[in-house]
Amino acid sequence: IVRVADSDGFATSWSLIKGIAFAVSSGAKVINASLGSEVEIPSLSDVSDWLEEQQVILVSPIGNNGIRQALYPSRISNVFCVSGLGPNSSKAPFSNWHAKADFAAPATGIQSAWWDGHAGVWNGTSFAAPFITGGIMAGIPNQRSAEKLRVSSISRALARTSKSLNWINPNYEDELGRLIQIDRFVEKLAAR
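Read on for a plain summary of the structure. Just so it is clear, the model here is predicted, and its values are computed rather than measured.

## Side note on the side chain of Thr161
Piece 1. Structurally, Thr161 can be placed in helix H4 (residues 151-161).
Piece 2. A residue is classified by how much of its surface remains accessible, and Thr161, at 3% relative accessible area, is buried.
Piece 3. With sequence-adjacent residues up to four places away left out, Thr161 is seen in contact with Gln181, Arg184, Phe185 and Lys188.

Shown next, in the form of structure tokens:
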């Protein structure tokens, strides 16, 4: 865990970049950055290119504005963009949608820890992105060798083992991403 935001949840591009660099230098192979900006941060494109060279995956939420838009960094081409789903895999009312969306995960009624140690219930695509991050991490220990851990091979395995959400969400065709099936994804990587 790397803290990049202040106590109000605000981060700067510099704190995010430093946090990403620290995570990579600490051996991270998958990074979840559950934050977003409507304004493009040019330096993050360079950082995402560097992450790809390092064979590190960055996962980020699409946003909670309920509009056709992917926030940054999720809008960057080599960042995994995650939209949010409600019950029955329908689009969560607040989730953004966009052709850039790669994957979708539950984003409503997520139980998590509150600052005082009690449990709280949360909604948001920032809670969907960790599902995808965790799903990817579930497959990584099954790699036979570190050389096989390539962002491109992970992307292909996810695409081949995920399923379309278009039939459930016809108004958002190809704009919510795909639903990963973790068991199939883990089996696919283990078979390599």
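On we go.
## Concerning the pairing of strand S5 (residues 110-113)
The side chains of a regular strand alternate between both faces of the sheet.
Piece 1. Where S5 and strand S6 (residues 119-122) come together, four bridges link them in antiparallel fashion. In the strand pairing of S6, Ala113 is matched with Ala119.
Piece 2. Linking S5 to S6, which pair antiparallel, is a turn of five residues; within it Gly117 sits at a positive phi near 95 degrees.

## Describing a negative patch on the surface
Piece 1. On the surface, Asp46, Asp49, Glu52 and Glu53 cluster together into a negatively charged patch.
Piece 2. In this structure, Glu53 sits in helix H2 (residues 42-53).
Piece 3. When its relative accessible area of 62% is taken as the criterion, Glu53 is described as exposed.

## Some remarks on the packing of H4 against helix H5 (residues 182-190)
Piece 1. Where H4 meets H5, the closest approach of the two axes is 9 Å, and the angle between their N-to-C directions is 135 degrees. As far as their axial angle goes, H5 and H4 are oblique. Where H4 crosses over H5, the two elements pack in a sense that is right-handed. Mapping the contact onto sequence places Ile154, Ala157, Leu158, Arg160 and Thr161 in H4 and Arg184, Phe185, Lys188 and Leu189 in H5.

## Re the environment of Ser155
Piece 1. Checked against the element boundaries, Ser155 lands in helix H4.
Piece 2. Distance in space between the C-alpha atoms of Ser155 and Ile136 is 9.6 Å, their sequence separation being 19 residues.

## A look at the nonpolar core
Piece 1. Core analysis: the biggest nonpolar cluster contains 20 residues, and Ile57, Val59, Ile132, Ile136 and Leu158 have the highest contact counts within it.
Piece 2. Those residues within four positions of Ile57 in sequence are excluded, and the remaining contacts are Lys29, Val30, Ile31, Phe80, Ile136, Val151 and Ile154.
Piece 3. Ile17, Val24, Ala33 and Val79 belong to the second-largest nonpolar core, a separate cluster that totals 17 residues.

## Re helix H3 (residues 125-139)
Piece 1. Helix length check: H3 (15 residues) gives 22 Å between terminal C-alpha atoms against 21 Å at 1.5 Å per residue, within 8%.
Piece 2. All of the buried residues in H3 are Thr125, Ala128, Ala129, Ile132, Thr133, Gly135, Ile136 and Gly139. For H3, the angular spread of the buried residues around the axis is 160 degrees, confining them to a single face.
Piece 3. Packing partners of the buried residues in H3 comprise strand S1 (30-32), strand S2 (57-61), strand S3 (80-85), strand S4 (103-106), H4 and H5.

## Considerations on the sheet that holds S1
Piece 1. Read across the sheet, five strands follow the order S1-S2-S3-S4-S7 without closing on themselves; strand pairing throughout is parallel. The strands lining the two open edges of the sheet, one partner per strand, are S1 and strand S7 (178-179).

## Let's talk about the pattern of salt bridges
Piece 1. In the structure shown here, the tally under the stated rule is two salt bridges.
Piece 2. For the salt bridge of Asp102 with Lys100, the shortest nitrogen-to-oxygen distance reads 3.0 Å.
Piece 3. Look at Asp102 and you get partly exposed, because its relative accessible area is 26%.

## Here's the deal with H4
Piece 1. Within the span of H4, buried status applies to Val151, Ser153, Ile154, Ala157, Leu158 and Thr161. The buried side chains of H4 occupy one side of the element, clustering within an arc of 165 degrees when seen end-on.
Piece 2. Against the buried residues of H4 lie S2, S3, S4, H3 and H5.

Cut-offs used in this document
Residues numbered from 1 in each chain as written. Predicted model: local features only at pLDDT ≥ 70, side-chain atom pairs only at ≥ 80, totals over all residues. Heavy atoms only, no water. Helix = DSSP H or I, 4+ residues; strand = E, 2+ residues; numbered from the N terminus. Buried < 20%, exposed > 50% of the residue type's maximum accessible area, 1.4 Å probe, protein only. Contact = heavy atoms within 4.5 Å. Pairing = 2+ DSSP bridges. Patch = residues over 30% accessible without salt bridge, like charges linked within 9 Å, V, L, I, M, F, W, Y side chains within 5 Å. Areas by Shrake-Rupley, 256 points an atom, 1.4 Å probe, with all protein chains shown as cover. Salt bridge = Lys/Arg side-chain N within 4 Å of Asp/Glu carboxyl O. Lys, Arg positive; Asp, Glu negative; His and termini not counted. Charge placed at Lys NZ, Arg CZ, Asp CG, Glu CD. Axes fitted to C-alpha atoms, helices over the stretch in contact; angles between N-to-C directions. Parallel < 35°, antiparallel > 145°, perpendicular 65-115°, else oblique. Left-handed = near helix turned anticlockwise from the far one by under 90°. Core = buried A, V, L, I, M, F, W, Y, C linked by side-chain atoms within 4.5 Å. Expected span 1.5 Å × (residues − 1). Arc of directions from axis to C-beta.

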